[in-house]
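If you want the building blocks of each chain, they are given just below.
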Amino acid sequence: MSWKRSAAPDPETPPEPGPVPAPSHAPISLGEIKELAGVGRPTVSNWRRRFSREVVGGPGDPRIPFPDPLTGAGSESKPLFDSAEIADWLDLRTVPDAEPDENGRLETYGDRFRRALRLRGLVALKHRLGSAETLISQALAVIAMSAEGKDWITEALPAELLPEYEAADPDVVRAAHDLMDEIGAPGWAADALLGLDDEGLEIARRLESDLVMDITPRGVVALVAALIGPNEGGPDQRSTISLCAGLGELLLGMSGGPYEGLRGHGELVAVEPDPLLRKLLRYRLLSYEAGAADVCASPSDLDTLRAWNQAPVEPHDFSTADLVLADPPYVSGERERDAEGPLWWALEAVRRLRPEGRAYVVVPTWTLTRTSGTGPASVRTPTISTREALLDRGCVEAIVQLPRRIHPFRTGAEYALLVLRPPSLEPRSILLVDADRIAQRTGGECETWIEQVVGLTRPGVVPEPGEKRPPEDAYDPQDAQRVTVRASGPGREQLLDNRSVLPAHRLAAPEAHVDHFEETLTARRAVAAALPRLRDWVGDMNISRRDPHTPVRHWKLDVLLKAGQLRLLNGHRVKAEHISEAGLPVVGREEMLGELPVGARRIAPEDLAAYPSAKVTELGDVLLLAEHGVRCLVDTAGGCVLLSPVQGVRITAYREHVRNAARGGPVPPGGLWMRPHSLARLLQAPRNQHRGSGSLVRRVSVRDMDLPQLPPEEIAELEAVLTETERLRADVRRQLEALDRLAERVSAGAADGVLALRRQ
């Protein structure tokens, strides 16, 4: 129950707003008409000539003539026109190729003209008032009072609202009312001023407002609303706390939007530490007739006894709720070592949950990928400790990796949505969902990927670890899987292993609908048919199905790197002036993509001395480019310099193995646990190709790739097959290059009239 004004007049209440003065239609020139309507100067001149009063408007002619210039304003060479008359005349002309709106109405040049004219007026007001924030705050105060504020008693209104409303600039009052009249509702007008809709983004850009930089993206709001589900109405409605509420996007977006979402809900309260955002949020709630929702400055206020929502009941606290929402405004690496970083708000959201409640918290993905070292000097930041505490206490129900570039102003940042539940002693699995992969596959349509993500979160769709999988076409295991927090058996996947818990880094599965045995036999037959001289070698391959009761265990590269079985070589950045045609070969992105042959670019040893941390490869090192997939190359000579982002993976036991073989020493057959060509091909396997993350460039996490733990004799056999196929590929490549060279020279000689070609 809220304190609104009764029908009886109250002498203490503020007076009703008086009539808004009629807007003055400033005279504009032909050049301004061109700019505001978004057309060229010849178009405006053509309109004026073809639709002059001498040409149209006669008896029986329904066409409306172009407005006449204002008398006494401007000059004959530069006439001025009434902006309102121009807008009405432009309403008669639709924009070519315009898409109809939801009501089937096509956009007109008048619509464009009015929007641009309003923008110009707002920009002028901003410069006069001194800042965009002052303009927006005064306009929102006018909108809030016009929507619902005038129906409340003075004591129930926000303390700053009435003084700011009464002190608002008359032009701001006029502009706010014009905006409400044109858009159709106070709440929508408030959203436009704040930059929360398509038109509002243009207003925010022209006003150079920073308020929109931290808004929750619409796709995230729609996803959270879909996960929360519709509000069924009736008594005992769910209560909601919105932490880091910002401008209230998540709060107002519950269950389908501001009007539909808040009606029928139980108690609502928002927490916003920033004073300006807190004030604007109060105004926005009033503009949507949701003034009963309380807004406080700190989570500690929720534990304080007070009369929430101005209701005439005994003071009480608001320490817990059925729903808790949060979107802390943090970017990559910001406040990583602070105790109250992004995941602190997730922990606070869990603390505020009622026994059957759920929390939805947006976090930057770096909070899920940071790891600590393993030695005594390892660093455990508060972010890592908080994440492990959430996992260990069973508070995480799902981790949804959001689509890349979902934030309109932070295109280089990635985000994830945590679905949280109250702590539990029972061991539970966590659902990992890669919504970015789903969005890329479905073309990025917001409704489509949200529907699929919500479908994957329904009970029984994604089975628990160890349970029988549903039919193959039910879902793609690389889209979603359930993973336990702690492994139930040796070699099982678990989340508490000091590695990234980002879904893209964790989800790996065998290729769907692929019979590897049949596919391998088909490939072998194709090679035998294409290269008959290799039929005996191909036929000697002893390929069979593996016993399904003895599954192969997979090791993460991170484990093998920490154990010293592999060594990671990072690429270095080298200045362009140090790259020449002499010295050691350099291997960068161009060489890995095949755009340049290895050896075309080199660096002199004296120049390399300026980069003491640059890595030089050895024989058998695997060169790796992990951008937009995985590409590998085996270094068969050594001595190459790696350029970032190329990395190298070295099998530490391989050099000793090669040295013993060269000296004629003891080399046990099949005794090496991994070999270069096998490592390169296994890293490029499809299960590792899709572990990418990154909003601008998709990079695969090398440490989160995995390798099968195969017996040394199988690795030796695999290496022999791959080495021979690589030698054959090199032979065929040389033949193709020779044929290309022959075709090039013959055609060049014929083109220059030097060669005469005759059939033998």
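What counts and what doesn't
Residues numbered from 1 in each chain as written. Predicted model: local features only at pLDDT ≥ 70, side-chain atom pairs only at ≥ 80, totals over all residues. Heavy atoms only, no water. Helix = DSSP H or I, 4+ residues; strand = E, 2+ residues; numbered from the N terminus. Buried < 20%, exposed > 50% of the residue type's maximum accessible area, 1.4 Å probe, protein only. Contact = heavy atoms within 4.5 Å. Areas by Shrake-Rupley, 256 points an atom, 1.4 Å probe, with all protein chains shown as cover. Pairing = 2+ DSSP bridges. 1 Å grid on protein atoms, 1.4 Å probe; cavity = no way out; pocket = protein on both sides within 12 Å on 5 of 7 lines; lining within 4 Å. Points joined across faces, edges and corners; volume = space filled by probe spheres on them. Nonpolar A, V, L, I, M, F, W, Y, C, P; charged D, E, K, R; others polar. Salt bridge = Lys/Arg side-chain N within 4 Å of Asp/Glu carboxyl O. Core = buried A, V, L, I, M, F, W, Y, C linked by side-chain atoms within 4.5 Å. Phe/Tyr/Trp six-rings, centres within 6.5 Å; stacked < 30°, edge-to-face > 60°. Lys NZ or Arg CZ within 6 Å of the ring centre and 35° of its normal. pLDDT = per-residue confidence, 0-100.

It is not clear to me how the overall build of the protein should be interpreted in this structure. Could you clarify?
Secondary structure assignment for the protein yields 28 helices and 23 strands. Relative to its full complement of 760 residues, the protein shows a buried share of 46%. Here the contacts in the protein between residues at least 6 apart in sequence split such that 69% fall between residues at least 24 apart. Total accessible area on the protein stands at roughly 38,200 Å², and carbon and sulfur atoms take up 52% of it.

For this particular structure, what's the right way to read the pairing of strand β17 (residues 622-625)?
Consecutive residues of a regular strand have side chains that alternate between opposite faces of the sheet. Residues of β17 alternate between two faces, with Val 622 and Leu 624 on one and Leu 623 and Leu 625 on the opposite face, all of them buried. Of the strand pairs in this sheet, β17 and strand β18 (residues 631-634) are connected by 4 bridges, and their pairing is antiparallel. Residue pairing in the sheet places Val 622 in a bridge with Val 634 of β18. Adjacent in sequence and paired antiparallel, β17 and β18 are bridged by 5 residues, among which His 628 carries a positive phi angle near 55°. Here 3 bridges tie β17 to strand β20 (residues 647-651), and the two strands are oriented antiparallel to one another. Bridge pairing in β20 links Val 622 to Val 649.

Please explain empty space enclosed by the protein as it appears in this structure.
To locate leftover empty space, one rolls a probe as large as a water molecule over the atoms. Going through the model one piece at a time under the given rule, you end up with 5 cavities of 30 Å³ or more. When its volume is computed, the largest cavity comes out at roughly 80 Å³. Forming the boundary of the largest cavity are Asp 214, Ile 215, Pro 217, Val 220, Asp 327, Pro 328, Pro 329, Val 362, Ile 406, His 407, Arg 410 and Tyr 415. Across the lining of the largest cavity, the residue classes break down as 8 nonpolar, 1 polar and 3 charged. Its boundaries defined by the atoms lining it, the second largest cavity holds a volume of some 50 Å³. Lining the second largest cavity are Leu 343, Leu 368, Arg 387, Leu 390, Leu 391, Val 396, Ile 399, Leu 418 and Val 501. If you list the elements that add at least two residues to the lining of the second largest cavity, you get α16 (382-392) and β8 (396-401). Tallied by class, residues from the lining of the second largest cavity come to 8 nonpolar, no polar and 1 charged.

So what exactly am I meant to see when it comes to the pattern of salt bridges here?
A side chain with one charge can pair with a side chain of the opposite charge if their charged atoms come near. Summed over the entire model, instances satisfying the criterion amount to 41 salt bridges. Asp 303 is the salt-bridge partner of Arg 352, the closest N and O atoms lying 2.6 Å from each other. With Arg 352 in the loop between α14 (342-351) and β7 (353-364) and Asp 303 in the loop between β5 (294-296) and β6 (321-326), the pair connects residues that are 49 residues apart, well separated along the chain. On the basis of relative accessibility, which here comes to 1%, the residue Arg 352 falls in the buried class. A relative accessible area of 38% means that Asp 303 is categorised as partly exposed. Linking Arg 499 and Asp 704 is a salt bridge whose minimum nitrogen-to-oxygen distance equals 2.4 Å. One end of the pair, Arg 499, is in the loop between β11 (480-484) and α19 (503-506); the other, Asp 704, is in the loop between β22 (699-700) and β23 (706-708), with 205 residues separating them in the sequence. On the basis of relative accessible area, Arg 499 is assigned to the buried category, the value being 5%.

Would you explain the nonpolar core in this entry?
The nonpolar side chains of a soluble globular protein tend to be buried with one another. Membership of the largest hydrophobic core comes to 44 residues, with the highest contact counts inside it found for Leu 223, Tyr 360, Leu 417 and Trp 449. When residues in this core are grouped by element, the largest group, 6 residues, is from helix α10 (residues 218-228). In this structure, Leu 135, Ala 192, Leu 196 and Val 212 belong to the second largest nonpolar core, which totals 40 residues.

Even after reading the chapter, I still don't get the packing of aromatic side chains, so can you show me in this structure?
Two descriptors summarise a pair of aromatic rings, namely the distance from one centre to the other and the angle between the planes of the rings. One pass over the structure, following the stated rule, counts 6 aromatic pairs. Centre to centre, the rings of Phe 51 and Trp 89 are 5.5 Å apart; their planes meet at 70°, and the pair counts as edge-to-face. In this pair, Phe 51 sits in the loop between α2 (41-50) and β2 (80-82) while Trp 89 sits in helix α3 (residues 83-90), placing the two residues 38 residues apart along the sequence. By the burial criterion, Phe 51 is buried, and Trp 89 matches it. It is Arg 93 that lies over the ring of Phe 51; its NZ or CZ is 4.3 Å from the centre. Note that Arg 93 overlies the ring of Trp 89, its terminal NZ or CZ placed 3.9 Å from the centroid.

Before we go on, may I ask you to explain the confidence of the model for the protein in this structure?
Low-confidence regions, as indicated by low pLDDT, have predicted coordinates that should not be scrutinised in detail. Per-residue confidence for the protein gives a mean pLDDT of 81, with 85% of residues at or over 70. Mean pLDDT in the protein bottoms out at helix α12 (residues 258-262), which sits at 54, and peaks at β8, which reaches 95. Confidence drops under pLDDT 50 across residues 1-24; counting only partners more than four residues distant or on other chains, this segment forms 36 contacts.

Is there a simple way to think about the sheet that holds strand β19 (residues 641-642) in this case?
In sheet architecture, strand pairing relies on hydrogen bonds along the backbone and comes in two forms, parallel and antiparallel. The strand order β14-β16-β15-β19 describes an open sheet built from 4 strands, whose pairing is mixed. For this open sheet the edge positions go to β14 (579-580) and β19, each flanked by a neighbour on one side alone. Inspection of the sheet shows β14 paired to strand β16 (residues 602-603) by 2 bridges, in the antiparallel sense. Within β16, the residue paired with Ile 579 across the bridge is Ile 603.

Can you help me understand unusual backbone geometry in this one?
Across the chain, the bulk of peptide bonds are trans and the bulk of non-glycine residues have phi less than zero. Geometrically, the link from Ser 644 to Pro 645 is a cis peptide bond, its omega value of 10° lying close to zero. Mapped onto the elements of the fold, Pro 645 is located in the loop between β19 and β20. At Cys 244, a position not held by glycine, the phi torsion is positive, near 45°. Structurally, Cys 244 is set in the loop between β3 (240-243) and α11 (249-252). Not every positive phi belongs to a glycine, and Asn 498 is a case in point at roughly 60°. Looking at the element boundaries, Asn 498 is found in the loop between β11 and α19.

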